[in-house]
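Remarks on the overall topology
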Amino acid sequence: MQPLLKKKRLYWLCQAGGWGCFIIYEYVNYLTLGFLTPKLTIYFVFLSAGGLLLTHLTRYIFKKINLQSHALSVQAGVVLLSVILLGVTMYPLQYLLFRLFDMPWVRMTPTKAISFLLNNSLVFFGWMLTYSVYHLAGVVSQKNNEALQARYHLQEAELVALRSQLNPHFLFNTLNSIRFLVLTNPTRSRLAISQLSELMRYFLNHQKLQTITLREEVRITEKYLQLEEIRFGKRLQYQIDLPQHILDKEIPFMLLLSLVENAIKHGISKQPHEGRISIIYSEEENNKFLQVKNHGQYQLPARFTEGGIGLENIRRRLNVLWNQPNGFTIKNINAYEVMASIKLPA
């Protein structure tokens, strides 16, 4: 159901429920006093219908003059005046209904007239109070929705910017790798270009996604590792050891790929001999981690002056998508290995 229809439906349910409660109250009151008659019961129903129409007309006028856009003092004055006018208007309606149902009308005195006016005004004051709370709740809800939408669009724009930053970064590093192969091994470079075109086709087909299953991310990461194997040969060894139950978890698109690409650029490529990359899963104190371990050493200054865009990109994407400003860590675990860890949502 559309929000506008839901709001209208809620309004009419509140109107019917409120005036229905008025009928029940009067019915029980007169029944207790011993004054209740069938005609009086019907009178209460018609009186409530009249009250519903009058309050609906009042609401229509409020919306026409856009009452909520005026100063609070003006709103209070209009509401107070409306309560008095509605109380006065209800008086002739009551008189007409008494005559219509051939019921004896009380002899009116100034004291009784004031009593009628006060009773009617109190009923409409209750309606005004309820409607004000209802309207205020609607305004607060609308403001909250607008704030959430603004935040969503802001995050969406930031993610698009981060993605547009990440793809050229990845492509540049991969092309830089293939450049060496073109000079040293043309046959292997042709195979590498073919593998790269498959990766690029994948990126183009999934460029609008913000998240993807870990299973799919592992598949495309393995394609990338096969591409890098063409360049490094036996110098690059890799292992993927992930349990089946986490493969259907959603992670940010290109997250794992970025970690592996970073491990190759700053770790494996600097090793004089064989280097290994391990993609693993671990649990510590009810926290779940996706981790990439590789040969090499993490050096903060060098990482941020040379290609540090990849890691900073990961931190910011995790903060935007998962609200985890500290969801990514990278550290040396011994003298020859470094570990990058992503904290997965529960």
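Model, not experiment: these values are computed from the prediction.

**Some remarks on the overall build of the chain**
- When you go through the chain residue by residue, the secondary structure sums to nine helices and seven strands.
- A buried classification covers 36% of the 346 residues belonging to the chain.
- Considering only contacts within the chain whose residues lie at least 6 apart along the sequence, 73% involve residues at least 24 apart.
- A total of about 20,600 Å² of accessible surface is found on the chain, and carbon and sulfur atoms cover 62% of it.

**Some words on the side chain of Glu228**
- With respect to the element layout, Glu228 can be found in helix H6 (residues 214-232).
- A polar contact is formed between the side chain of Glu228 and the side chain of Tyr224, at a distance of 2.9 Å.
- Those residues in contact with Glu228 that lie beyond four places of it in its chain are Ser177, Gly233, Leu236 and Ile264.

**Concerning the pattern of salt bridges**
- Considering all chains together, one arrives at three salt bridges under this definition.
- Of the charged contacts in the structure, one is a salt bridge between Asp248 and Arg215, with a shortest N-O distance of 3.1 Å. Of this pair, Asp248 sits in the loop between strand E2 (236-241) and strand E3 (250-252) while Arg215 is found in helix H6, placing the two residues 33 residues apart along the sequence.
- Arg215 gets classed as partly exposed once you look at its relative accessible area, which sits at 37%.
- Where Arg219 meets Glu216, a salt bridge forms, and the shortest distance between an N and an O atom there is 2.8 Å. Of the two residues, Arg219 and Glu216 are both situated in helix H6; the distance of three residues between them amounts to about one turn of the helix.

**With respect to the environment of Met128**
- Relative to the helices and strands, Met128 is located in helix H4 (residues 110-184).
- Taking C-alpha positions, Met128 is 7.3 Å from Val79, a pair spaced 49 residues apart along the chain.
- Those residues in contact with Met128 that sit more than four places away from it in its chain are Thr58, Phe62, Val79, Ser82, Val83 and Leu86.

What counts, and where the lines are drawn
- Residues numbered from 1 in each chain as written.
- Predicted model: local features only at pLDDT ≥ 70, side-chain atom pairs only at ≥ 80, totals over all residues.
- Heavy atoms only, no water.
- Helix = DSSP H or I, 4+ residues; strand = E, 2+ residues; numbered from the N terminus.
- Buried < 20%, exposed > 50% of the residue type's maximum accessible area, 1.4 Å probe, protein only.
- Contact = heavy atoms within 4.5 Å.
- Areas by Shrake-Rupley, 256 points an atom, 1.4 Å probe, with all protein chains shown as cover.
- Polar contact = N/O pair within 3.5 Å; in protein donor to acceptor, adjacent residues only side chain to side chain.
- Salt bridge = Lys/Arg side-chain N within 4 Å of Asp/Glu carboxyl O.

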